[in-house]
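For reference, the chains in residue letters:
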Amino acid sequence: MFDVCIIGGGVAGLMLAHSLPDHYKVAILTKHDAMTNNTAFAQGGIAASLGAGDSPSAHAEDTMVATAQHADAERVELMVREGLETVELLLAQGLPYDADDRGFPELGQEGAHRFRRILHAGGDQTGKMLMRFLLEQVKDKAVQLPFHQALELIVEDGRCQGVLVGDAEGRRSTVHAAHIVLATGGIGQLYSQTSNSAIATGDGLSLAYHAGAVLEDLEFVQFHPTVLHLNGRSCGLVSEAVRGEGALLVNRHGKRIMEHVHPLLELAPRDIVARTIEWQYQQFGTVYLDARPIDDFPKKFPSIYLNCRKYGFDPTYELLPVRPGAHFHMGGIQTGDSGETSVPGLYALGETASTGVHGANRLASNSLLEGLAFAKRLADRLQQLPAFVRKRPFGKNSRTREFVLPENLPLNMTEKVGILRDKKELEKFLDAHPLRQFSLRDYSNSDIQDIHRYTASSLIATAAFLRDESRGGHYRMDAPETSAKWTGKVLQLSKHGVKIADRKIEQKETVG
Ligand SMILES: Cc1cc2nc3c(=O)[nH]c(=O)nc-3n(C[C@H](O)[C@H](O)[C@H](O)COP(=O)(O)OP(=O)(O)OC[C@H]3O[C@@H](n4cnc5c(N)ncnc54)[C@H](O)[C@@H]3O)c2cc1C
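Residues numbered from 1 in each chain as written. Predicted model: local features only at pLDDT ≥ 70, side-chain atom pairs only at ≥ 80, totals over all residues. Heavy atoms only, no water.

Participant: Explain the domain arrangement of the protein to me, please; I cannot follow it from the model alone.
Facilitator: Accessible area lost on assembly of the parts is the figure often given for the size of an interface. What the domain assignment lists for the protein is domain 1 (222–325) and domain 2 (409–485). Computed from C-alpha coordinates alone, the two centres of domain 1 and domain 2 are separated by 27 Å. Each partner contributes residues to the interface: domain 1 has nine residues there, and domain 2 has seven residues. Between domain 1 and domain 2 the total buried area reaches about 720 Å² when both faces are included, carbon and sulfur atoms providing 74% of it. When the area that domain 1 buries against domain 2 is broken down by residue, the three leading residues are Phe-223, Arg-275 and Glu-278, summing to 63%. Counting across the interface, domain 1 meets domain 2 through zero residue pairs in polar contact (both at pLDDT 80 or more). Those elements that place two or more of their residues in the side of domain 1 that touches domain 2 are α7 (270–284) and β14 (320–329). (Domains from an automatic or database assignment. Contact = heavy atoms within 4.5 Å. Buried area = accessible area lost by both parts, 1.4 Å probe. Polar contact = N/O pair within 3.5 Å; in protein donor to acceptor, adjacent residues only side chain to side chain. Helix = DSSP H or I, 4+ residues; strand = E, 2+ residues; numbered from the N terminus.)

Participant: Where do I start with the site of the ligand in this structure?
Facilitator: Neighbouring the ligand are 38 residues, the closest being Thr-39, Gly-44, Asp-203, Glu-351 and Ser-367. Contact between the ligand and Ala-150: a nitrogen atom at 2.8 Å from a main-chain N or O atom of the residue. Between the ligand and the protein, one listed contact pairs an oxygen atom with a backbone N or O atom of Ser-365 at 3.3 Å. Burial of the ligand by the protein chains amounts to 98% of its free accessible area of 1,000 Å². Mapped onto the shell around the ligand, the elements with two or more residues apiece are α1 (11–19), β6 (149–156), β14 and α10 (366–382). In terms of residue count, the dominant contributor to the shell around the ligand is α10 (three residues). For the shell around the ligand, a count of residues per class yields 12 nonpolar, 22 polar and four charged. (Near = heavy atom within 4 Å. Areas by Shrake-Rupley, 256 points an atom, 1.4 Å probe, with all protein chains shown as cover. Nonpolar A, V, L, I, M, F, W, Y, C, P; charged D, E, K, R; others polar.)

Participant: Whenever I open this one, the sheet that holds strand β9 (residues 215–216) confuses me. Can you help?
Facilitator: Read across the open sheet, the five strands follow the order β17-β15-β9-β18-β19; overall the sheet is mixed. With partners counted over all chains shown, the strands left at the sheet margins are β17 (353–354) and β19 (497–502), one partner each. Here strand β15 (residues 332–334) pairs with β17 via two bridges, running parallel. What sits directly across from Gln-334, in β17, is Ser-354. Together, β9, β15 and β18 (489–494) form the strand contacts of helix α5 (residues 203–211), whose direction differs from that of β15 by roughly 40 degrees. Most of the contacts of helix α13 (residues 445–466) go to β18, to which it runs at about 145 degrees, and overall it touches β18 and β19. (Pairing = 2+ DSSP bridges. Axes fitted to C-alpha atoms, helices over the stretch in contact; angles between N-to-C directions.)

Structure representation (structure tokens):
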């Protein structure tokens, strides 16, 4: 029996393990190896108001503006204030960073941030370096179980008490713990077009849904405008910074597609660029990024250059075919101030959680910060709670039932629940993929993986259908305006039904 079982070993899961006292018995499950996750993909860095003239209040203001009047103002304040303290603590503990001549962090600038506040390491290698640092911190503290997939959460007597786990050989076991934490990351791989790691299949959403937890803001998915697109496949992100350096978006006739769309052209807000590319793609075919005007591309963007070369493109003299891809999930499992879900004993952190800080549209580089800040909060909270002792043995499970994943689900997600949504198409999707509840333990391990994928897809489609307006990452062609009726309203789903809750979206005048 463990004190804490953490499902997921990205920034959120590892930071929690790192922040718990040494005497805690902690298990970390990852369904693949330790470095396969979205954290390791992070290129830009961690947003924190470390720079001269900057402050948590300025960071909170920028966040509120970006999130389309939908973020939880108090949670944003918690994140920017405590997140800054957590980043400072990690720097003092030896977190690597790129420094200027005087040894101070060399902070990067990103869209919609009014200050240079992006802490980065190894140029565009921040995520990998953060992962290596955190793995080193937890190596003697936690039992790490790679290639162990959480299949089902075990809820008895109204409390989450354990996890049914499948290993790489298909064997099953149960991990018991006083506290179970979902830190399973994002959902990008539910779509045929994505920037995400192979593990990002929304398992946390399905595990929580089947355990009876409340989920919210599921309709808000951020699409990155420029994912390299080859033969219908996503082949890695081409960062916004490439457009910042002068790359152009053109159609197959070489005509710039952002002309007459937005005065900032290629540097228009991310959602506008993404929608324009997708519309052009659907109407007229492939859209290209022309990076030839950039001097020294291989030197300025070494990782992106290498990735393009891997797929046979040389951006110094060739056009790059691009299409938007699912990038970040703003919504997730509804949590309290310290990661508590609506099911006692169950907590959620990182991208699978909905803390409310990203509203309808995430501000760039706030997600690593969110993972760090709320993991630290949860570690503090767990130490105040009594250890819970399991009273009854867990029930039996069989593998007698079969589930067949509907063909072309990721393609249908891209076409019907993607960047340009429409009521009729969402209806068709939900007719073919209705939200269902499964007795998970009665299916094989690989069928359960498919059920998680199916359930997470249906949950997102259901929320996208119900919210009949457009806001941030959720765009409905049949309701293209933002509606006052939905302002401050949060759509919550659980196996008990649908609820519309209120959210405090007003910001206080000053933040400490
Ligand atoms: C290309 C790219 C670039 C990005 N750049 C930035 C950036 O610069 N700054 C920023 O702030 N954010 C960035 N993001 C977003 C950010 O990286 C993620 O939101 C964040 O890392 C998520 O962390 P996490 O710990 O929640 O999940 P992850 O790091 O994805 O980890 C999830 C973990 O859960 C495990 N898991 C999943 N399902 C199961 C299961 N059923 N059983 C057991 N284990 C399971 C996985 O194995 C993995 O260990 C970027 C994302 C991408 C894709």
